[in-house]
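# Results of the structural survey
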Amino acid sequence: MNILLVNPEFPETYWSFRYALPFEGKKCAFPPLGLLTVSALLPKSWNRRLIDLNIESLKARDIDWADMVFVTGMLVQKDSLREVVKRAKAQGKRVVLGGPYVTSTREELPPADHLFRGEAETTLPQFIDDLAKGCAKAVYQAPERPALALTPIADFGLANMKRYSAMSVQYSRGCPFSCEFCDIIEIYGRVPRTKSNQQMLAEFDALRDLGWRGTVFIVDDNFIGNKKNVRKLLPELAKWQKQNGYPFSLITESSINLADDEPLLESMRDAGFRRVFIGIETPVEESLHEAQKTQNRGNLLDSVKTIQSYGMEVMAGFIVGFDNDPEDIFERQIDFIRKSAIPLAMVGLLNALPDTQLWKRLEREGRLLGEDASGNNTVCTFNFKTRMDPALLIQGYQSIMRTIYSPREYYDRTLDSIRRTGRQLADPQYRNLSGLKALTRVLLKLGILDRERKEFWRFFTHVVVRHRDKFTDSLRLAAVGYHFRKLSDSYGA
Ligand code: B12
Ligand code: SF4
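Residues numbered from 1 in each chain as written. Chains lettered and ligands numbered in written order. Predicted model: local features only at pLDDT ≥ 70, side-chain atom pairs only at ≥ 80, totals over all residues. Heavy atoms only, no water.

With 13 residues, helix H4 (residues 78–90) extends 18 Å between its outermost C-alpha atoms, agreeing within 8% with the 18 Å of an ideal straight helix rising 1.5 Å per residue. In the core, the buried residues of H4 are packed alongside strand E1 (2–7), helix H3 (60–65), strand E3 (68–71), strand E4 (94–97) and helix H5 (100–104). In the segment just after H4, Gly92 is the residue with positive phi, at about 75 degrees. (Helix = DSSP H or I, 4+ residues; strand = E, 2+ residues; numbered from the N terminus. Expected span 1.5 Å × (residues − 1). Contact = heavy atoms within 4.5 Å.)

Structure, rendered in C-alpha cells:
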C-alpha cells in the first residue's frame, strides 16, 4: 500500500514567517506534526511519502504513485486542501481527510472517501481493520478523546528536516481554561492529557538520532495545563539536555499564570526553554472579562517581566474587536506592547471560530454574518457584527501594526527584551556554517539593501557593544521583524 501524506499550503500570516525564512535558508517554519503522527499509526509494511506544499509542489506523478492520499489541514489551509482533494479525486484516488479544519468546520467538505473527525489514535487502527475487511466507513469519530499513551513517536524522518527552521513535538493536548473565542477546548478538550516522561525523552532521542540540532517547538495548547505532570517532566528534560550537550533550544505556548510559579519558571529555564508564546489578548479588564480570560489578572506587564527574567523571550497574541473595547483600545494596545518588550506581538482581529462559545453567543444574539471565519485573523474581515464601527476597527488595527512594526519601535522593543532576558545559551543552529550564511544574508539585506538600514545598524551596534552573547538571537529577531514589517506593508497598514 502506498500512502501519500499531503500538507496543504498556508497563506501568508505572521506564523508563515515567509519573509524571515530565506535568511536562514529555510522553506517553512515547522513540519506538519499531525501527518507525521498519522504516518506512525499506519502499518509498518505500508510505504509512505510526505509532500508539504509549503516546501515543494505536488506533482501528478506523486499522486499516481499513491493508493491513498491522506490530507490534513487547518481552517486557513482550506482552499489549498480543496485543491489537493480535487486533484487526487481527478486521478481516481481514495482520499482520506483529517485534522482541525475537518474536525471543527460546519461548511460542506470536499468529496473525500473517508473523514476523520478528532484525534486519530483509536480511529485510524479501526479504519485499517475495516479496510482489510472491506467495510471502511465514510466517517470516523472517536467516542472519546484518546490517552496520549497511545500516540506513537512521530515519523520525523519522513520530513525533509533541512527545509524546516524548527522541529515539533507535543507533550499535552487540551487546556483547563475556558476563553470564549477559543476552539482548542472544543477540539482537544478542557482536561489536559499528557504523554509520559519516557515518551517525551524517546521523542527527543529520535530527533537527536536523526541529526536534528536547534529549535524544538513543544506544540502544546498550554504547556502548563497539567502542572503536576509538567513539574515531574522538567527535571528529566533538563538532565537529558545536559547529558546531550544542550542540542535543543525549546519554545512552547503557555497561559500567563506561568508567571505566578517561579519554581516552574526556574525548571523551564534549566530544561532549555528560550521562548514562550502567551495569549495576552488585551490590557482592557472589561474585554478580558467578556472573553472569560480569568487567568489574565493582576498586573500583566509585571507577569511578562517575571517570565523574561528567567531568560525566556515572551511572544504574545493580542486581539482587538471585543464588544467591551473602548475607543482608545488601539493606543492602549500599542502602549502595552511597547512597555512589555515583546518583539513578536501577534495582533489580530476577533473572529468567531465555528463551535466556540463566542460563536454560540453571537448566533443567539443574531450577529453572525453567515460565513465561517477565514481562520486568518490578520486579514481585515469580520464574520460577525462588531460593536465598534468595522471601518474604525480596521483603521485602528492597521495603525497598531504600522506603529509596532516601524523599525525604530521594533528594534527598541527587541533591545528591551534582550536586556530583560539576560544571558542565556546560544541557539545551537547558529554554531555552524549555516549561521555564517544567515549572518551574511542579514547584513546584506537589512544592512545594505533595505531602506531602513540606518535603524538596523543602530540596533546592530547596540548588540555588538552591549549584548554580544545574544548576537545570534538578535539576528533572528531582526529577520523576524523584517517579516512582520513586510506583512504589515502588504496589508496596507
Ligand atoms: C503547532 C501549531 C501551529 C504551527 C504549525 C503547525 C504545522 N506546521 O502544521 C504554527 C505556529 C505555524 C501554527 C500557525 C497557525 N495556527 Co496553529 N496550531 C498548532 C498547534 C498548537 C499544534 C499542531 C500540532 O502539531 N498538533 C499535534 C498533532 C499530533 O495534532 P493534530 O494536528 O490535531 O493531528 C491529530 C488529529 O487532528 C488527526 N489528524 C490530523 N491530520 C490528519 C489527517 C488525516 C488524513 C487523518 C486520518 C487524521 C489527521 O490525527 C492526529 C493524531 O491524533 C495546534 C493546536 C493543536 N493542539 O493541535 C494549533 C492549531 C492547529 N492552529 C490553529 C490556528 C488558528 C493557527 C493560525 C491560523 C494562527 C494565526 N492566527 O495565524 C496559524 C496559521 C498557519 C500559518 N502559517 O498561517 C488552530 C486551527 C483552528 C482550525 N479550526 O483550523 C489550532 C487548532 C489552534 C488554535 N485554536 O489556535 N500553528
Ligand atoms: S488559555 Fe489559550 S488554549 Fe486555553 S482556553 Fe484560553 S485561549 Fe484556549
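After presenting the structure, the write-up continues.
This next bit is on the packing of aromatic side chains. Per the stated rule, a full pass over the model turns up 24 aromatic pairs. Arranged with centres 5.0 Å apart and planes meeting at 10 degrees, the rings of Phe116 and Tyr140 form a pair that is stacked. Within this pair, whereas Phe116 is found in strand E5 (residues 114–117), its partner Tyr140 is found in strand E6 (residues 139–141), the two being separated by 24 residues in sequence. Residues Phe116 and Tyr140 agree in their burial class; the two are buried. (Phe/Tyr/Trp six-rings, centres within 6.5 Å; stacked < 30°, edge-to-face > 60°. Buried < 20%, exposed > 50% of the residue type's maximum accessible area, 1.4 Å probe, protein only.)

Let's shift gears to the sheet that holds strand E12 (residues 273–281). Here we have six strands laid out as an open sheet, ordered E7-E10-E11-E12-E13-E14, and parallel in their pairing. Strands with a single pairing partner mark the edges of an open sheet, and in this sheet they are strand E7 (166–169) and strand E14 (345–349). Strand-to-strand twist across the sheet, computed as the mean angle between neighbouring axes with direction ignored, equals 20 degrees. Note: strand E10 (residues 214–218) against strand E11 (residues 248–254), five bridges, orientation parallel. Looking at the pairing, Val216 lines up with Leu250 of E11. Packing against the sheet, helix H15 (residues 390–404) makes contact with strand E13 (313–320) and E14, and its axis sits at approximately 170 degrees to E14. (Pairing = 2+ DSSP bridges. Axes fitted to C-alpha atoms, helices over the stretch in contact; angles between N-to-C directions.)

A few words now on the site of ligand 2. Near ligand 2 you find Cys175, Phe177, Cys179, Cys182, Ile185, Lys293 and Gln295, and these make up its full shell. Each residue belonging to the shell around ligand 2 can be placed in one class, and the counts come to five nonpolar, one polar and one charged. (Near = heavy atom within 4 Å. Nonpolar A, V, L, I, M, F, W, Y, C, P; charged D, E, K, R; others polar.)

Where E3 lies against E4, four bridges are found, and the strand directions are parallel. When the bridges of E4 are listed, Val69 appears paired with Val95. Handedness of the β-α-β unit built from E3, H4 and E4 comes out right-handed. Of the pairings in the sheet, the one linking E4 to E5 comprises two bridges and is parallel in character. Its bridge partner being in E5, Val96 is matched across the sheet by His114. (Right-handed = clockwise from strand over helix to strand, strands pointing away.)

By nearness alone, 39 residues border ligand 1, and Thr13, Thr72, Asp183, Tyr188 and Asp221 come closest of all. Glu121 is positioned such that a nitrogen or oxygen atom in its side chain is 2.7 Å from an oxygen atom of ligand 1. Looking at the shell around ligand 1, the elements that each hand over two or more residues are helix H2 (33–41), E3, E4 and H5. Per-element accounting of the shell around ligand 1 gives the leading share, four residues, to H2. Split into classes, the residues belonging to the shell around ligand 1 amount to 22 nonpolar, twelve polar and five charged. (Polar contact = N/O pair within 3.5 Å; in protein donor to acceptor, adjacent residues only side chain to side chain.)

Another aspect to go through is empty space enclosed by the protein. The method is simple in principle: a probe with the dimensions of a water molecule rolls over the atoms, and the space it marks as empty is what remains. In total, this model carries five cavities of 30 Å³ or more according to the counting rule given. Space inside the largest cavity adds up to approximately 340 Å³. Forming the boundary of the largest cavity are 24 residues, of which Glu24, Ser165, Arg275, Arg476 and Val480 lie nearest the centre. Elements with a minimum of two residues in the lining of the largest cavity: helix H1 (21–24), E10, helix H17 (433–449) and helix H19 (471–490). For the lining of the largest cavity, the element with the most residues is H19, which contributes four residues. In terms of residue class, the lining of the largest cavity is made up of 18 nonpolar, three polar and three charged. (1 Å grid on protein atoms, 1.4 Å probe; cavity = no way out; pocket = protein on both sides within 12 Å on 5 of 7 lines; lining within 4 Å. Points joined across faces, edges and corners; volume = space filled by probe spheres on them.)

What follows concerns the pattern of salt bridges. Inspection of every chain in the model, using the stated rule, returns 35 salt bridges. In this structure, Asp355 and Arg106 form a salt bridge, with 2.8 Å as the shortest nitrogen-oxygen distance. Residue Asp355 is found in the loop between E14 and helix H14 (357–364), and its partner Arg106 is found in the loop between H5 and E5; the two are separated by 249 residues along the sequence. For Lys227, the salt bridge is made with Asp261, and the minimal N-O distance between the two is 3.4 Å. Taken together, the residues Lys227 in helix H9 (residues 227–243) and Asp261 in the loop between E11 and helix H10 (262–271) connect sequence positions 34 residues apart. Relative accessible area serves as the criterion here: at 8%, Asp261 is assigned to the buried category. Shared partners join several salt bridges into a network, and the residues in it are Glu180, Glu290, Asp323, Arg361, Glu365 and Arg367. (Salt bridge = Lys/Arg side-chain N within 4 Å of Asp/Glu carboxyl O.)

What follows is about the nonpolar core. Formed by 117 residues in total, the largest nonpolar core has its most connected members in Phe70, Leu124, Phe127, Phe223, Phe273 and Ile280. By residue number, the principal contributor to this core is H19, which donates eight residues. Not counting chain neighbours up to four residues away, the residues in contact with Phe273 comprise Ile218, Phe223, Leu234, Leu237, Leu250, Ile251, Thr252, Met268, Gly311 and Met312. If you look at the next biggest cluster of nonpolar residues, it comprises 21 residues, including Leu53, Ala66, Leu81 and Val102. (Core = buried A, V, L, I, M, F, W, Y, C linked by side-chain atoms within 4.5 Å.)

So, about unusual backbone geometry. With a phi angle near 55 degrees, Gln292 is a residue other than glycine that sits in the positive phi range. As for its position among the elements, Gln292 is in the loop between helix H11 (285–290) and helix H12 (300–308). On the basis of relative accessible area, Gln292 is assigned to the partly exposed category, the value being 35%. Of note in this structure, Ala341 is not a glycine but carries a positive phi near 55 degrees.

It is worth spelling out the side chain of Glu180 at this point. Assignment of secondary structure puts Glu180 in the loop between strand E8 (172–173) and helix H7 (184–187). Apart from the residues lying within four places of it in its own chain, the contact partners of Glu180 are Glu290, Ala291, Gln292, Thr356, Gln357, Leu358 and Arg361.

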